[in-house]
Amino acid sequence: MACRVLPSLLRSRILSPTPLRMSSDVSFTRNGRVGMITLDRQRALNAINSGMVADITRHLVAWRHSDEVGVVCIEGAGGKAFCAGGDVVSITTGPESTATGLDFFFKEFQMNHLIGTYTKPYVALIHGITMGGGVGLSVHGKFRVATEKSLYAMPETAIGYFPDVGGSYFLSRLPQPYGMFLGLTGHRLKGSDLKHLGIATHYTHSDNLAALKQAIMESDESSIAAVLSSHESEVPAPFSLEPHHDMITSCFSDSDSVPQIMSRLRTFSSSAESGELAGKLLATLSRMSPRSLVVTHRLLTVAPSRTYEECFAMEFNAAQEIVRSGEFKEGVRALLVDKDNAPQWDPPTLEEVTEEMVEEYFVKRSPQWEPLHL
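Numbers given to residues run from 1 along each chain, matching the order in which its sequence is written. Reporting of local features is limited, given that this is a predicted model, to residues whose pLDDT is at least 70; pairs of side-chain atoms are given and counted only at 80 or more, and all residues count toward the totals for whole chains, interfaces and linings. Hydrogens and waters are ignored; side-chain quantities use all the structure's heavy atoms.

Visitor: Would you explain the overall build of the protein chain in this entry?
Guide: A helix here means a DSSP run of H or I that spans at least four residues, while a strand means a run of E at least two residues long, and both kinds are numbered starting from the N terminus. From N to C terminus, the protein chain includes 15 helices and eleven strands. Radius of gyration means the value over C-alpha atoms here, while the globule rule gives 2.2 Å times the residue count to the 0.38 power. Its C-alpha atoms give the protein chain a radius of gyration of 21 Å, within 12% of the compact-globule value 21 Å for 374 residues. Overall, the protein chain is about 70 × 50 × 40 Å in size when its C-alpha atoms are taken along their principal axes. Residue burial in the protein chain is summarised as follows: out of 374 residues, 56% are buried. Should any heavy atoms of two residues lie within 4.5 Å, those residues are considered in contact. The contacts in the protein chain between residues at least 6 apart in sequence include a share of 72% that link residues at least 24 apart. Using the Shrake-Rupley algorithm and a 1.4 Å probe, accessible areas are obtained, with residue cover drawn only from the displayed protein chains. In the structure as shown, the protein chain presents an accessible area of about 15,700 Å², 51% of it carried by carbon and sulfur atoms. Of the charged side chains in the protein chain, 34 are positive and 42 negative, and the gap between their average positions amounts to 6 Å. Think of it in three bands: residues with accessible area under 20% of the maximum for their type are buried, residues over 50% are exposed, and the middle band is partly exposed, with areas taken using a 1.4 Å probe on protein chains only. For the charge count, each Lys or Arg is scored as positive and each Asp or Glu as negative, with His and the chain ends excluded. A charged residue contributes its charge at one atom only: NZ of Lys, CZ of Arg, CG of Asp or CD of Glu.

In C-alpha coordinates:
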(Lines give C-alpha, C1' and ligand atoms only; values in the text may rest on other atoms or scores of the structure.)
Protein backbone atom coordinates (compact mmCIF):
# COMPACT_ATOMS: atom_id res chain seq x y z
CA MET A 1 0.00 0.00 0.00
CA ALA A 2 1.61 3.24 -1.09
CA CYS A 3 1.66 6.11 1.39
CA ARG A 4 -0.41 9.10 0.36
CA VAL A 5 1.47 12.16 -0.89
CA LEU A 6 1.33 15.03 1.59
CA PRO A 7 0.78 18.64 0.57
CA SER A 8 4.14 20.42 0.51
CA LEU A 9 3.00 22.77 3.30
CA LEU A 10 2.74 19.83 5.69
CA ARG A 11 5.84 17.87 4.74
CA SER A 12 8.00 19.32 7.52
CA ARG A 13 5.35 19.13 10.24
CA ILE A 14 4.80 16.30 12.72
CA LEU A 15 1.35 14.92 11.98
CA SER A 16 -1.07 12.97 14.12
CA PRO A 17 -0.67 9.23 13.48
CA THR A 18 -2.39 8.34 10.23
CA PRO A 19 -3.88 4.82 10.14
CA LEU A 20 -2.88 3.03 6.96
CA ARG A 21 -4.33 -0.37 7.74
CA MET A 22 -5.97 -1.80 10.84
CA SER A 23 -6.82 -5.40 11.61
CA SER A 24 -7.42 -7.38 14.76
CA ASP A 25 -3.86 -8.73 14.69
CA VAL A 26 -1.57 -5.94 13.47
CA SER A 27 -1.96 -2.25 12.71
CA PHE A 28 0.02 0.17 10.59
CA THR A 29 0.19 3.93 11.09
CA ARG A 30 2.36 6.71 9.78
CA ASN A 31 3.48 9.77 11.67
CA GLY A 32 5.56 12.19 9.61
CA ARG A 33 8.35 10.10 8.10
CA VAL A 34 7.94 7.16 10.47
CA GLY A 35 5.92 4.05 9.66
CA MET A 36 4.78 2.21 12.81
CA ILE A 37 3.89 -1.48 12.99
CA THR A 38 2.01 -2.60 16.10
CA LEU A 39 1.55 -6.32 16.75
CA ASP A 40 -1.78 -6.74 18.51
CA ARG A 41 -2.67 -10.32 19.38
CA GLN A 42 -2.41 -9.73 23.09
CA ARG A 43 -4.21 -12.91 24.17
CA ALA A 44 -1.62 -14.87 22.19
CA LEU A 45 1.27 -12.69 23.42
CA ASN A 46 1.38 -11.14 19.93
CA ALA A 47 2.38 -14.44 18.33
CA ILE A 48 2.68 -13.96 14.60
CA ASN A 49 0.45 -15.81 12.14
CA SER A 50 0.37 -16.11 8.35
CA GLY A 51 -1.94 -13.13 7.89
CA MET A 52 0.37 -10.92 9.93
CA VAL A 53 3.40 -12.08 7.94
CA ALA A 54 1.63 -11.16 4.69
CA ASP A 55 0.50 -7.74 5.98
CA ILE A 56 3.88 -6.83 7.45
CA THR A 57 5.71 -7.87 4.30
CA ARG A 58 3.32 -5.88 2.12
CA HIS A 59 3.82 -2.71 4.18
CA LEU A 60 7.59 -3.12 4.44
CA VAL A 61 7.82 -3.38 0.66
CA ALA A 62 5.56 -0.36 0.15
CA TRP A 63 7.42 1.75 2.70
CA ARG A 64 10.77 0.72 1.28
CA HIS A 65 9.77 2.28 -2.05
CA SER A 66 7.91 5.28 -0.61
CA ASP A 67 9.56 8.70 -0.56
CA GLU A 68 7.28 9.63 2.35
CA VAL A 69 8.68 7.06 4.81
CA GLY A 70 12.24 7.24 6.11
CA VAL A 71 12.08 5.07 9.26
CA VAL A 72 10.13 1.94 10.24
CA CYS A 73 9.44 1.06 13.88
CA ILE A 74 7.81 -2.12 15.22
CA GLU A 75 6.35 -2.72 18.68
CA GLY A 76 4.07 -5.14 20.52
CA ALA A 77 0.80 -4.00 22.06
CA GLY A 78 -0.14 -4.58 25.68
CA GLY A 79 3.20 -4.19 27.40
CA LYS A 80 3.59 -7.90 28.23
CA ALA A 81 5.11 -9.16 25.00
CA PHE A 82 6.78 -7.87 21.88
CA CYS A 83 6.12 -11.19 20.13
CA ALA A 84 6.23 -14.59 21.80
CA GLY A 85 6.92 -16.43 18.53
CA GLY A 86 5.09 -17.91 15.60
CA ASP A 87 1.58 -19.33 15.96
CA VAL A 88 2.89 -22.89 15.72
CA VAL A 89 -0.34 -24.51 16.89
CA SER A 90 -2.22 -23.24 13.84
CA ILE A 91 0.40 -24.60 11.44
CA THR A 92 0.77 -28.07 13.00
CA THR A 93 -2.89 -29.09 13.25
CA GLY A 94 -5.33 -30.15 10.58
CA PRO A 95 -5.09 -32.37 7.48
CA GLU A 96 -3.10 -29.79 5.50
CA SER A 97 -0.74 -28.86 8.31
CA THR A 98 2.46 -29.88 6.51
CA ALA A 99 1.73 -27.72 3.47
CA THR A 100 0.43 -24.91 5.68
CA GLY A 101 3.52 -25.01 7.86
CA LEU A 102 5.97 -24.96 4.98
CA ASP A 103 4.14 -22.09 3.29
CA PHE A 104 4.26 -20.14 6.56
CA PHE A 105 7.98 -20.69 7.05
CA PHE A 106 8.81 -19.86 3.41
CA LYS A 107 7.07 -16.49 3.65
CA GLU A 108 8.16 -15.76 7.22
CA PHE A 109 11.80 -16.27 6.21
CA GLN A 110 11.28 -13.90 3.28
CA MET A 111 9.97 -11.28 5.70
CA ASN A 112 12.92 -11.82 8.06
CA HIS A 113 15.40 -11.54 5.19
CA LEU A 114 13.69 -8.35 4.00
CA ILE A 115 14.15 -6.83 7.47
CA GLY A 116 17.84 -7.72 7.45
CA THR A 117 18.39 -6.14 4.04
CA TYR A 118 16.09 -3.17 4.57
CA THR A 119 17.41 0.03 3.04
CA LYS A 120 15.86 2.30 5.68
CA PRO A 121 16.38 2.38 9.45
CA TYR A 122 14.29 -0.33 11.12
CA VAL A 123 13.72 0.00 14.88
CA ALA A 124 12.39 -2.88 17.01
CA LEU A 125 11.14 -2.07 20.53
CA ILE A 126 11.71 -5.50 22.12
CA HIS A 127 9.89 -4.76 25.37
CA GLY A 128 8.49 -7.88 27.07
CA ILE A 129 8.53 -11.48 25.89
CA THR A 130 10.49 -11.92 22.66
CA MET A 131 10.93 -15.46 21.42
CA GLY A 132 11.23 -17.39 18.16
CA GLY A 133 9.31 -15.46 15.52
CA GLY A 134 9.62 -12.33 17.64
CA VAL A 135 13.38 -12.68 17.43
CA GLY A 136 13.06 -12.85 13.64
CA LEU A 137 11.05 -9.63 13.63
CA SER A 138 13.71 -7.79 15.62
CA VAL A 139 17.24 -9.17 15.54
CA HIS A 140 17.83 -8.52 11.83
CA GLY A 141 16.84 -4.85 12.02
CA LYS A 142 19.38 -2.06 12.29
CA PHE A 143 18.24 -0.93 15.76
CA ARG A 144 16.98 -3.14 18.60
CA VAL A 145 15.91 -1.50 21.87
CA ALA A 146 15.63 -3.66 25.00
CA THR A 147 14.22 -2.80 28.42
CA GLU A 148 14.53 -4.37 31.87
CA LYS A 149 11.29 -6.25 31.08
CA SER A 150 12.62 -7.90 27.93
CA LEU A 151 12.64 -11.70 28.11
CA TYR A 152 14.45 -13.20 25.14
CA ALA A 153 14.90 -16.81 24.02
CA MET A 154 15.06 -19.24 21.11
CA PRO A 155 13.33 -22.28 22.70
CA GLU A 156 12.62 -24.29 19.54
CA THR A 157 14.47 -27.50 20.49
CA ALA A 158 11.89 -28.02 23.26
CA ILE A 159 9.14 -28.45 20.64
CA GLY A 160 11.05 -30.65 18.21
CA TYR A 161 12.18 -27.81 15.97
CA PHE A 162 15.35 -25.69 15.67
CA PRO A 163 16.29 -21.98 15.93
CA ASP A 164 15.05 -20.65 12.61
CA VAL A 165 14.05 -17.16 11.33
CA GLY A 166 17.73 -16.60 10.55
CA GLY A 167 18.76 -17.95 13.95
CA SER A 168 21.58 -19.98 12.45
CA TYR A 169 23.07 -16.75 11.11
CA PHE A 170 22.81 -14.48 14.15
CA LEU A 171 23.45 -17.10 16.84
CA SER A 172 26.60 -18.32 15.12
CA ARG A 173 27.91 -14.76 15.03
CA LEU A 174 27.39 -13.95 18.71
CA PRO A 175 30.40 -13.96 21.04
CA GLN A 176 31.06 -17.64 21.34
CA PRO A 177 30.16 -19.99 22.86
CA TYR A 178 26.92 -18.18 23.65
CA GLY A 179 25.33 -18.81 20.25
CA MET A 180 25.61 -22.58 20.57
CA PHE A 181 24.60 -22.38 24.23
CA LEU A 182 21.45 -20.33 23.54
CA GLY A 183 20.47 -22.28 20.44
CA LEU A 184 20.60 -25.67 22.14
CA THR A 185 19.26 -24.84 25.60
CA GLY A 186 16.72 -22.09 24.88
CA HIS A 187 18.11 -20.23 27.89
CA ARG A 188 16.22 -17.01 28.64
CA LEU A 189 18.05 -13.69 28.64
CA LYS A 190 17.14 -10.45 30.37
CA GLY A 191 17.13 -7.07 28.66
CA SER A 192 20.51 -6.03 30.01
CA ASP A 193 21.96 -9.35 28.79
CA LEU A 194 20.84 -8.49 25.28
CA LYS A 195 22.88 -5.29 25.36
CA HIS A 196 25.91 -7.06 26.82
CA LEU A 197 25.81 -9.65 24.02
CA GLY A 198 25.09 -7.15 21.26
CA ILE A 199 21.66 -8.60 20.47
CA ALA A 200 20.22 -5.22 21.47
CA THR A 201 21.82 -2.07 20.11
CA HIS A 202 20.22 0.11 22.81
CA TYR A 203 18.86 -0.28 26.34
CA THR A 204 16.31 1.93 28.05
CA HIS A 205 14.25 1.64 31.21
CA SER A 206 10.57 0.90 30.60
CA ASP A 207 9.66 4.17 32.34
CA ASN A 208 11.33 5.95 29.42
CA LEU A 209 9.62 3.92 26.72
CA ALA A 210 6.69 6.27 26.10
CA ALA A 211 9.01 9.27 25.73
CA LEU A 212 11.30 7.26 23.45
CA LYS A 213 8.41 6.19 21.25
CA GLN A 214 7.22 9.78 20.94
CA ALA A 215 10.72 10.91 20.01
CA ILE A 216 10.96 8.15 17.40
CA MET A 217 7.67 9.28 15.87
CA GLU A 218 9.05 12.80 15.58
CA SER A 219 12.33 11.65 14.01
CA ASP A 220 13.46 10.88 10.49
CA GLU A 221 16.21 8.85 8.86
CA SER A 222 18.84 11.50 9.58
CA SER A 223 18.07 11.82 13.31
CA ILE A 224 16.89 8.38 14.44
CA ALA A 225 20.33 7.16 15.60
CA ALA A 226 20.84 10.23 17.77
CA VAL A 227 17.29 9.94 19.16
CA LEU A 228 17.87 6.36 20.27
CA SER A 229 21.22 7.19 21.84
CA SER A 230 19.81 10.18 23.73
CA HIS A 231 17.18 7.98 25.40
CA GLU A 232 19.51 5.23 26.56
CA SER A 233 19.64 4.17 30.21
CA GLU A 234 22.64 2.81 32.07
CA VAL A 235 22.93 -0.92 31.47
CA PRO A 236 22.93 -2.97 34.68
CA ALA A 237 26.13 -4.91 35.20
CA PRO A 238 27.34 -7.56 35.08
CA PHE A 239 26.17 -9.84 32.31
CA SER A 240 24.05 -12.44 34.14
CA LEU A 241 25.98 -15.37 32.67
CA GLU A 242 29.41 -13.90 33.43
CA PRO A 243 29.81 -15.97 36.65
CA HIS A 244 29.27 -19.10 34.55
CA HIS A 245 31.44 -18.11 31.61
CA ASP A 246 34.11 -20.73 32.28
CA MET A 247 31.56 -23.54 32.53
CA ILE A 248 29.68 -22.46 29.41
CA THR A 249 32.93 -22.08 27.48
CA SER A 250 34.24 -25.45 28.58
CA CYS A 251 31.01 -27.26 27.73
CA PHE A 252 29.83 -25.54 24.56
CA SER A 253 33.01 -24.36 22.81
CA ASP A 254 34.62 -26.54 20.14
CA SER A 255 32.11 -29.30 20.78
CA ASP A 256 32.10 -32.12 18.26
CA SER A 257 28.65 -33.34 19.24
CA VAL A 258 25.71 -32.89 21.58
CA PRO A 259 26.64 -36.03 23.56
CA GLN A 260 30.06 -34.44 24.16
CA ILE A 261 28.36 -31.31 25.53
CA MET A 262 26.17 -33.48 27.79
CA SER A 263 29.22 -35.32 29.07
CA ARG A 264 30.98 -32.06 29.91
CA LEU A 265 27.89 -30.78 31.73
CA ARG A 266 27.80 -33.95 33.84
CA THR A 267 31.37 -33.28 34.89
CA PHE A 268 30.59 -29.68 35.84
CA SER A 269 27.34 -30.56 37.64
CA SER A 270 29.31 -31.79 40.65
CA SER A 271 31.58 -28.76 40.83
CA ALA A 272 31.31 -26.01 43.43
CA GLU A 273 31.15 -23.25 40.81
CA SER A 274 28.34 -23.36 38.26
CA GLY A 275 27.40 -26.87 39.32
CA GLU A 276 23.76 -25.96 39.92
CA LEU A 277 23.36 -24.34 36.50
CA ALA A 278 25.19 -27.20 34.77
CA GLY A 279 22.78 -29.66 36.41
CA LYS A 280 19.76 -27.64 35.30
CA LEU A 281 21.08 -27.40 31.73
CA LEU A 282 21.69 -31.14 31.67
CA ALA A 283 18.10 -31.78 32.77
CA THR A 284 16.79 -29.30 30.21
CA LEU A 285 18.68 -30.85 27.31
CA SER A 286 17.57 -34.33 28.41
CA ARG A 287 13.93 -33.32 27.91
CA MET A 288 14.41 -31.91 24.44
CA SER A 289 14.11 -33.61 21.08
CA PRO A 290 17.36 -35.51 20.45
CA ARG A 291 16.88 -35.09 16.70
CA SER A 292 16.37 -31.32 17.05
CA LEU A 293 19.42 -30.94 19.26
CA VAL A 294 21.69 -32.69 16.76
CA VAL A 295 20.25 -30.76 13.80
CA THR A 296 20.66 -27.46 15.69
CA HIS A 297 24.26 -28.31 16.56
CA ARG A 298 25.00 -29.01 12.90
CA LEU A 299 23.27 -25.82 11.72
CA LEU A 300 25.23 -23.63 14.12
CA THR A 301 28.47 -25.41 13.29
CA VAL A 302 28.24 -24.81 9.54
CA ALA A 303 26.47 -21.41 9.60
CA PRO A 304 29.61 -19.26 10.09
CA SER A 305 30.73 -20.21 6.59
CA ARG A 306 27.34 -19.38 5.03
CA THR A 307 26.05 -16.02 3.83
CA TYR A 308 22.95 -14.38 5.25
CA GLU A 309 20.81 -15.62 2.36
CA GLU A 310 22.36 -19.08 2.42
CA CYS A 311 21.48 -19.47 6.11
CA PHE A 312 17.79 -18.93 5.36
CA ALA A 313 17.92 -21.41 2.49
CA MET A 314 19.65 -23.95 4.75
CA GLU A 315 17.03 -23.44 7.46
CA PHE A 316 14.17 -23.93 5.01
CA ASN A 317 15.66 -27.21 3.82
CA ALA A 318 15.84 -28.34 7.45
CA ALA A 319 12.30 -27.08 8.10
CA GLN A 320 10.92 -29.19 5.25
CA GLU A 321 12.37 -32.37 6.71
CA ILE A 322 11.51 -31.66 10.34
CA VAL A 323 7.90 -30.72 9.56
CA ARG A 324 7.42 -33.85 7.46
CA SER A 325 9.06 -36.07 10.08
CA GLY A 326 6.33 -35.39 12.64
CA GLU A 327 8.82 -34.40 15.35
CA PHE A 328 7.66 -30.78 15.30
CA LYS A 329 3.97 -31.74 15.49
CA GLU A 330 4.65 -34.02 18.44
CA GLY A 331 6.52 -31.32 20.32
CA VAL A 332 3.74 -28.78 19.78
CA ARG A 333 1.14 -31.35 20.83
CA ALA A 334 2.91 -32.23 24.06
CA LEU A 335 3.87 -28.73 25.18
CA LEU A 336 1.20 -26.46 23.70
CA VAL A 337 -1.92 -28.47 22.78
CA ASP A 338 -2.41 -31.39 25.18
CA LYS A 339 0.15 -29.91 27.57
CA ASP A 340 1.05 -33.30 29.02
CA ASN A 341 4.76 -32.38 28.75
CA ALA A 342 5.45 -35.93 27.65
CA PRO A 343 6.58 -35.80 24.02
CA GLN A 344 7.34 -39.11 22.35
CA TRP A 345 10.49 -38.20 20.48
CA ASP A 346 11.63 -40.27 17.52
CA PRO A 347 14.24 -41.46 18.17
CA PRO A 348 14.03 -41.12 21.96
CA THR A 349 17.77 -40.89 22.66
CA LEU A 350 20.76 -39.02 21.28
CA GLU A 351 22.59 -42.28 20.69
CA GLU A 352 19.90 -43.35 18.23
CA VAL A 353 20.18 -40.23 16.06
CA THR A 354 22.20 -41.45 13.11
CA GLU A 355 24.33 -39.52 10.66
CA GLU A 356 21.95 -40.58 7.89
CA MET A 357 19.03 -38.98 9.75
CA VAL A 358 20.89 -35.72 10.18
CA GLU A 359 22.01 -35.57 6.56
CA GLU A 360 18.35 -35.60 5.47
CA TYR A 361 17.98 -32.08 6.91
CA PHE A 362 20.78 -30.72 4.76
CA VAL A 363 19.70 -32.13 1.40
CA LYS A 364 18.51 -29.50 -1.06
CA ARG A 365 14.79 -29.92 -1.54
CA SER A 366 12.06 -28.51 -3.70
CA PRO A 367 10.90 -25.85 -3.41
CA GLN A 368 14.15 -24.06 -2.74
CA TRP A 369 13.78 -20.99 -0.55
CA GLU A 370 14.57 -17.65 -2.14
CA PRO A 371 14.29 -14.02 -0.97
CA LEU A 372 11.70 -11.61 -2.25
CA HIS A 373 12.56 -10.12 -5.62
CA LEU A 374 12.03 -6.41 -5.17
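Visitor: Help me understand unusual backbone geometry in this model?
Guide: The phi angle of most residues is negative, glycine excepted, and most peptide bonds adopt the trans form. The residue after Ala237, namely Pro238, is reached through a cis peptide bond having omega -5°. Within the element layout of this structure, Pro238 appears in the loop between α8 (224-230) and α9 (245-252). Omega for the bond connecting Ser366 with Pro367 falls within 30 degrees of zero, at 5°, which places this linkage in the cis form. Along the chain, Pro367 falls in the segment after α15 (355-359). Positive phi values are uncommon outside glycine, yet Asn46 reaches one of about 60°. When you line up the elements, Asn46 lands in the loop between β3 (34-39) and α1 (50-65).

Visitor: Looking at this model, I keep getting lost on the side chain of Thr204. Mind explaining?
Guide: Mapped onto the elements, Thr204 comes out in the loop between β11 (202-203) and α7 (209-217). When its relative accessible area of 1% is taken as the criterion, Thr204 is described as buried. Engagement of the side chain of Thr204 in a polar contact is seen with the backbone oxygen of His231, the distance being 2.8 Å. The contacts of Thr204, once residues within four sequence positions are left out, are Val145, Ala146, Thr147, Glu148, Leu209, Leu212, His231 and Ser233. Side-chain atoms alone can form a polar contact between residues adjacent in sequence; in general such a contact is a pair of N or O atoms within 3.5 Å, and within protein one must be able to donate a hydrogen while the other accepts it.

Visitor: Can you help me understand the pairing of strand β4 (residues 71-76) in this one?
Guide: The buried count for β4 comes to six of six residues, which makes it a mostly enclosed element. Side-chain alternation along β4 places Val71, Cys73 and Glu75 on one buried face and Val72, Ile74 and Gly76 on a second face that is also buried. Strand pairing requires that DSSP identify at least two bridges connecting the strands. The pairing of β3 with β4 spans six bridges and is classified as parallel. Paired with Val34 across the strands is Val71, a residue of β4. Note on the crossover from β3 through α1 to β4: the handedness is right-handed. Summarising the sheet, β4 and strand β6 (residues 122-126) pair through three bridges and their orientation is parallel. Across the sheet, residue Cys73 finds its bridge partner in β6, namely Val123. Whether a crossover is right-handed comes down to one check: with the strands pointing away from the viewer, does the path from the first strand over the helix to the second run clockwise; if it does, it is right-handed.

Visitor: Please explain the packing of helix α2 (residues 97-116) against helix α13 (residues 308-325) as it appears in this structure.
Guide: Only the contacting stretch of a helix is used when fitting its axis, a line to C-alpha atoms as for every element, and angles between N-to-C directions run 0 to 180 degrees. Direction vectors running N to C along α2 and α13 enclose 165°, while the axes themselves pass 10 Å from each other. On the basis of their axis angle, the class for α2 and α13 is roughly antiparallel. Relative to α13, the crossing made by α2 is right-handed. Listed contacts from α13 to Thr98, Leu102, Phe105, Phe106, Phe109, Asn112, His113 and Gly116 of α2 are Tyr308, Glu309, Phe312, Glu315, Phe316, Ala319, Gln320, Val323 and Arg324. Here roughly perpendicular refers to angles of 65 to 115 degrees, roughly parallel to angles under 35, roughly antiparallel to angles over 145, and oblique to all remaining angles. Put simply, a crossing is left-handed when the front helix is turned counterclockwise from the back one by less than a right angle, and right-handed when it is turned clockwise.

Visitor: Just to check I follow, could you spell out the packing of helix α10 (residues 258-268) against helix α11 (residues 275-287) for this structure?
Guide: Helix packing for two helices is described by the angle between their axes and how far apart those axes are. For the pair α10 and α11, the least separation of the axes is 8 Å and the interaxial angle reads 145°. Of the two possible hands of crossing, α10 and α11 adopt the one that is left-handed. Residues Ile261, Met262, Leu265, Arg266 and Phe268 of α10 form the contact with α11, whose participating residues are Gly275, Ala278, Leu281, Leu282, Leu285 and Ser286. Only Asp, Glu, Lys and Arg are considered charged in this grouping, and only Ala, Val, Leu, Ile, Met, Phe, Trp, Tyr, Cys and Pro are considered nonpolar; every other residue, Gly among them, is considered polar. In terms of residue class, the contact of α10 with α11 is made up of eight nonpolar, two polar and one charged.

Visitor: Looking at this structure, how should I read empty space enclosed by the protein?
Guide: Over the atoms rolls a probe the size of a water molecule, and in doing so it shows where empty space is left. Only protein atoms enter the 1 Å grid, on which a cavity is a set of points fitting a 1.4 Å probe that cannot get out and a pocket is an open set with protein on both sides within 12 Å along at least 5 of 7 lines, lining residues being those with an atom within 4 Å of a point. Grid points are joined across faces, edges and corners, and a volume is the space filled by probe spheres set on the points. Taken as a whole and assessed by the stated rule, the structure comprises one cavity of 30 Å³ or more. Size it by volume and the largest cavity reaches roughly 50 Å³. Every residue along the wall of the largest cavity is listed here: Tyr152, Ala153, Met154, Phe170, Leu171, Leu182, His187, Leu189 and Ile199. Contributions of two or more residues to the lining of the largest cavity are made by β9 (151-153) and α4 (167-171). Each residue belonging to the lining of the largest cavity can be placed in one class, and the counts come to eight nonpolar, one polar and no charged.

Visitor: Explain the layout of surface pockets here, please?
Guide: Of the pockets and cavities examined, the largest pocket occupies roughly 1,100 Å³. For the lining of the largest pocket, the secondary-structure elements that each account for two or more residues are α2, β7 (129-131), α11 and α14 (327-337). Per-element tally for the lining of the largest pocket: the top contributor is α11, with five residues. Residues of the lining of the largest pocket, tallied by class, amount to 22 nonpolar, nine polar and eight charged. One number sums up the size of the second largest pocket: a volume of about 210 Å³. Every residue lining the second largest pocket is listed: Arg306, Glu309, Glu310, Ala313, Met314, Asn317, Phe362, Lys364, Gln368 and Trp369. Counted by class, the lining of the second largest pocket contains four nonpolar, two polar and four charged residues.

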